[in-house]
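Each chain is listed here by its residues.
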Amino acid sequence: MTRVVIAEFGTAHDQIEALRRLDAEGFEALDAMSPYRVAEVESYLPRPRLTIRPHMALAGFGIAAFAYGLQWFSAAIAYPINSGARPLNSWPVFLLVPFEVGILAAAIAGFVALLVSCGLPRLHHPLFAYPGIERASQDRFFVLIIPPSDAGSRLALERLLFGAAALSLGEAQT
Amino acid sequence: MSLTLPARNASGSSRAHSLLPATMTDQAITGAIADPLLRRGAGRGWWIAFAFALLGAFAMVATMALVFMRGIGVLGNNKNVVWGVPIANYVWWIGIGNAGTLISALLLLTRQDWRASINRFAETMTLFAVAIAGLFPILHLGRPQYFYWLFPYPNSMTLWPQWRSALVWDFWAILSYLLFSIVFWYAGMLPDLATFRDRAESRRAQLVYGALALGWRGSASQWRAHRMFYTTMAALAVPLVCSVHSIVGLDFAASLMPGWQETIFPPYFVVGAMFSGFAMVVILAAALRQGFRYEALLTPRHFEAMAIIILASSLIMTLSYATEWFNGWYSGKSAERGEVAFSFTGTYALLFYAQLLCNCLLPQILWWPTLRRRLIPLVLVSFGVLVGMWLERILIIWNTLSRGYLASARQTFHMTGADWSLLLSPLGLFAFLFLISVRVLPSISMHEVKELRHEEAQS
């Protein structure tokens with residue numbers, strides 16, 4: 001559990017401005033919360049490498065190869081049927097099913113990777129106990145900052161946040 | 001009912017104007033979409049529609065029970081026209097179903113800002129339409145209880161599916177597409193479910209939406225991962241949708257029948273899906289706009305954009321029809337030429353002209369800006385397109401199979417009561433599912449509308 005300072009803003013513009021100032025003053029912003037994606041905040045926050053797409057590619061190509069192999073094995077080895085003199089390994093036709101199931105596998109793998117990347121499912125999070133945080137999904141914007149150790153910096157941080165139009169300030173566990 | 005469009009700027013483009021009224025703050029958007037569901041009861045209109053839809057759903061279940069118990073003999077299928085209403089319905093419903101995800105994904109990739117208000121219910125439409133479509137291939141089987149033989153499972157008969165069969169392609173295409181669409185729809189809705197969780201007043205609603213939201217917090221890192229996943233899914237969705245309806249086209253094109261064995265079928269079916277899908281989206285958008293008072297979210301510009309796409313699709317469909325006729329003549333084969341002539345002069349000629357009227361001529365009124373900016377003409381055109389596209393699908397079957405190669409075996413299709421019920425009752429089932437969905441889940445994507453508003457404010 002990490003203790004963080006949490007600041008609430010009324011608009012995305014104020015949230016971006018606060019993050020810009022925090023960055024300029026050397027404070028360390030941990031995360032931000034908003035009711036929709038605010039692309040501008042991402043440049044001020046830690047950006048861990050996401051592996052969603054590699055997982056999707058791996059699952060998609062892997063399952064597609066498996067599906068092709070299954071068709072080949074069943075049609076050419078396990079249950080060969082002469083169907084209108086077509087070759088047993090009718091590869092152009094055998095590409096249809098791998099294409100479909102490959103994309104499906106990529107989607108499912110991507111969704112699982114998304115959940116893992118987002119730390120979900122986690123029905124209860126310590127942040128949910130913070131008063132007013134329920135508006136983060138509606139119309140309010142929050143910034144989470146690592147609290148400075150000394151009192152002087154803490155005061156400077158509070159001044160900076162209120163100067164950037166913070167509506168409220170508090171501490172929470174995350 | 002008229003829709004007043006904002007005045008255009010000097011360049012003739014309305015893009016410079018905001019899609020959303022300035023009064024639509026984040027709070028107003030949340031309230032407009034969530035409150036009718038969370039804080040107000042369903043109105044009388046919803047209950048009346050629901051009652052009719054429920055009747056239709058019961059009729060669908062009864063018809064399916066009849067077909068399963070008595071066999072496909074209750075339908076008008078005969079020894080020549082072996083495909084009838086179930087397969088026409090299948091193609092029609094899968095077309096509607098393809099459109100939702102196609103619209104959502106294609107508009108996302110092409111950065112169409114008006115997408116935000118329509119993508120969610122278009123995707124919802126997809127789920128129910130594809131689920132209904134999936135019933136028809138099973139209904140048309142002589143022994144529907146064995147439909148699972150399409151799946152390669154270990155069995156004591158040591159049999160395997162015939163992978164070269166169009167029925168097997170359909171099975172995998174529908175299954176993959178339905179599951180993919182559920183993932184795409186649910187992932188897109190996660191943030192909105194969190195909004196519902198946080199805005200709900202009753203404990204039960206908080207628990208249900210809380211569980212469905214999986215603990216979404218809306219943190220920047222979550223948004224970043226969500227966007228990466230969502231755009232990748234959109235990029236995968238477009239080829240998937242095209243492949244699914246192309247496979248439906250191949251059901252016909254892979255045969256040797258006159259009028260079916262055409263290379264144009266796959267792309268022509270994909271455009272047809274978009275055509276009928278947008279028509280359905282217009283009707284659903286108009287209903288939601290009226291029913292939930294979404295005037296500020298579904299604006300005249302949304303309807304005008306959809307009208308233009310319907311018009312463009314109509315032109316492509318007309319070109320496709322003309323190409324089919326030309327190819328029929330150019331092939332030099334008497335069977336192909338006969339099939340085209342039969343379309344214009346044969347047993348079903350009146351229906352064929354009705355199809356051309358609905359799909360080719362009627363949408364041309366949308367060239368007039370005053371007409372495409374009025375809701376009633378646009379909805380009427382959309383109804384016409386839906387009827388025309390069903391006629392197209394049934395006539396593809398009837399015209400070819402009623403007049404095959406063997407002259408002595410030619411037979412006309414006659415609709416039975418079960419056929420009519422199978423044609424109309426799925427609409428009730430669809431309406432039943434859709435009405436429930438729009439009462440309990442956000443039918444407009446709140447987070448995307450808010451993001452659009454933010455981008456408009458930034459620009």
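What counts as what
Residues numbered from 1 in each chain as written. Chains lettered and ligands numbered in written order. Predicted model: local features only at pLDDT ≥ 70, side-chain atom pairs only at ≥ 80, totals over all residues. Heavy atoms only, no water. Helix = DSSP H or I, 4+ residues; strand = E, 2+ residues; numbered from the N terminus. Rg over C-alpha atoms; globule rule 2.2 N^0.38 Å. Buried < 20%, exposed > 50% of the residue type's maximum accessible area, 1.4 Å probe, protein only. Contact = heavy atoms within 4.5 Å. Areas by Shrake-Rupley, 256 points an atom, 1.4 Å probe, with all protein chains shown as cover. Lys, Arg positive; Asp, Glu negative; His and termini not counted. Charge placed at Lys NZ, Arg CZ, Asp CG, Glu CD. Buried area = accessible area lost by both parts, 1.4 Å probe. Salt bridge = Lys/Arg side-chain N within 4 Å of Asp/Glu carboxyl O. Polar contact = N/O pair within 3.5 Å; in protein donor to acceptor, adjacent residues only side chain to side chain. Nonpolar A, V, L, I, M, F, W, Y, C, P; charged D, E, K, R; others polar. Expected span 1.5 Å × (residues − 1). Pairing = 2+ DSSP bridges. Axes fitted to C-alpha atoms, helices over the stretch in contact; angles between N-to-C directions.

1. Notes on the overall build of chain A
Right, so step 1: Each helix and strand counted, chain A has five helices and four strands in total.
Right, so step 2: Each helix and strand of chain A, placed in order from N terminus to C terminus, yields the pattern β-α-β-α-α-α-β-α-β.
Right, so step 3: Expected size for 174 residues packed as a compact globule is a radius of gyration near 16 Å; at 26 Å, chain A overshoots this value by more than 25%.
Right, so step 4: When its C-alpha atoms are laid out on the principal axes, chain A stretches across 85 × 30 × 30 Å.
Right, so step 5: Scored against the burial criterion, the 174 residues of chain A give a buried share of 46%.
Right, so step 6: Sequence-distant contacts in chain A: of pairs separated by 6 or more residues, those separated by 24 or more amount to 78%.
Right, so step 7: With the model as given, the accessible surface of chain A reaches about 8,400 Å², and the carbon-plus-sulfur share is 61%.
Right, so step 8: Taking the 13 positively charged and 15 negatively charged side chains of chain A as two groups, their mean positions are separated by 6 Å.

2. A short note on the overall build of chain B
Right, so step 1: Scanning chain B for helices and strands turns up 15 helices and zero strands.
Right, so step 2: Computed over the C-alpha atoms, the radius of gyration of chain B is 23 Å, within 12% of the 23 Å expected from 2.2 N^0.38 for a compact globule of 459 residues.
Right, so step 3: For the C-alpha atoms alone, the extent of chain B along its principal axes is close to 70 × 60 × 40 Å.
Right, so step 4: Each of the 459 residues in chain B was classed as buried or not, and the buried ones make up 61%.
Right, so step 5: If you take every contact in chain B between residues at least 6 apart in sequence, the share linking residues at least 24 apart comes to 82%.
Right, so step 6: Accessible surface computed for chain B: about 17,900 Å², of which carbon and sulfur atoms make up 68%.
Right, so step 7: With 33 positive and 21 negative side-chain charges, chain B shows a separation of 3 Å between the mean positions of the two kinds.

3. Considerations on the interface of chain B and chain A
Accessible area lost upon the coming together of the parts serves often as the stated size of an interface.
Right, so step 1: Between chain B and chain A, the contact holds 58 residues from the first and 63 residues from the second.
Right, so step 2: Roughly 5,400 Å² of surface becomes buried between chain B and chain A when both sides are summed, with 68% attributable to carbon and sulfur atoms.
Right, so step 3: When the buried area of chain B at its contact with chain A is split by residue, B:Arg164, B:Arg217 and B:Arg224 rank highest and sum to 16% of it.
Right, so step 4: Linking chain B to chain A there are zero salt bridges.
Right, so step 5: If you look at where chain B meets chain A, you find 18 residue pairs in polar contact (both at pLDDT 80 or more).
Right, so step 6: At the level of elements, α1 (26–38), α5 (166–199), α6 (203–213), α7 (220–253) and α15 (446–458) of chain B are the ones that each hand at least two residues to the side of chain B that touches chain A.
Right, so step 7: Per-element accounting of the side of chain B that touches chain A gives the leading share, 20 residues, to α7(B).
Right, so step 8: For the side of chain B that touches chain A, a count of residues per class yields 28 nonpolar, 19 polar and 11 charged.

4. Re helix α4 (residues 96–118) of chain A
Right, so step 1: The first and last C-alpha atoms of α4(A) sit 33 Å apart over 23 residues, in line with the 33 Å expected at 1.5 Å per residue.
Right, so step 2: A:Gly119 sits one or two residues past α4(A) and shows a positive phi near 70°.

5. Points about helix α3 (residues 85–109) of chain B
Residues and elements named next belong to chain B.
Right, so step 1: For α3, which comprises 25 residues, the first-to-last C-alpha distance of 36 Å matches the rise-based estimate of 36 Å (1.5 Å per residue) to within 8%.
Right, so step 2: For α3, the tally of buried residues reaches 23 of 25 residues, placing the bulk of the element in the interior.
Right, so step 3: Downstream of α3 by one or two residues, Arg 111 has phi in the positive range, about 55°.

6. Examining the sheet that holds strand β2 (residues 29–33) of chain A
All names here are of chain A.
Right, so step 1: In spatial order, the strands read β2-β3-β1-β4; together these four strands make up an open sheet with antiparallel pairing. Bordering the open sheet on either side are β2 and β4 (166–173), each of which pairs with just one other strand. With direction set aside, neighbouring strand axes in the sheet form an average angle of 20°.
Right, so step 2: With seven bridges connecting them, strand β1 (residues 3–9) and β4 associate as antiparallel partners. Paired with Val 4 across the bridge in β4 is Ala 172.
Right, so step 3: The strands that helix α1 (residues 12–25) touches are β1, β2 and β3 (141–145); relative to β3, the one it contacts most, it runs at about 20°.
Right, so step 4: Seen against the sheet, helix α5 (residues 151–163) touches β1, β3 and β4 and runs at an angle of roughly 135° to β4.

7. Some words on unusual backbone geometry
Residues and elements named next belong to chain A.
Right, so step 1: The peptide bond linking Leu 120 to Pro 121 adopts the cis configuration, its omega dihedral lying at -5°.
Right, so step 2: Relative to the assigned elements, Pro 121 resides in the loop between α4 and β3.
Right, so step 3: For Ala 85, which is not a glycine, the phi torsion comes out positive at approximately 60°.
Right, so step 4: Summarising the element assignment, Ala 85 is placed in the loop between α2 (52–78) and α3 (91–94).

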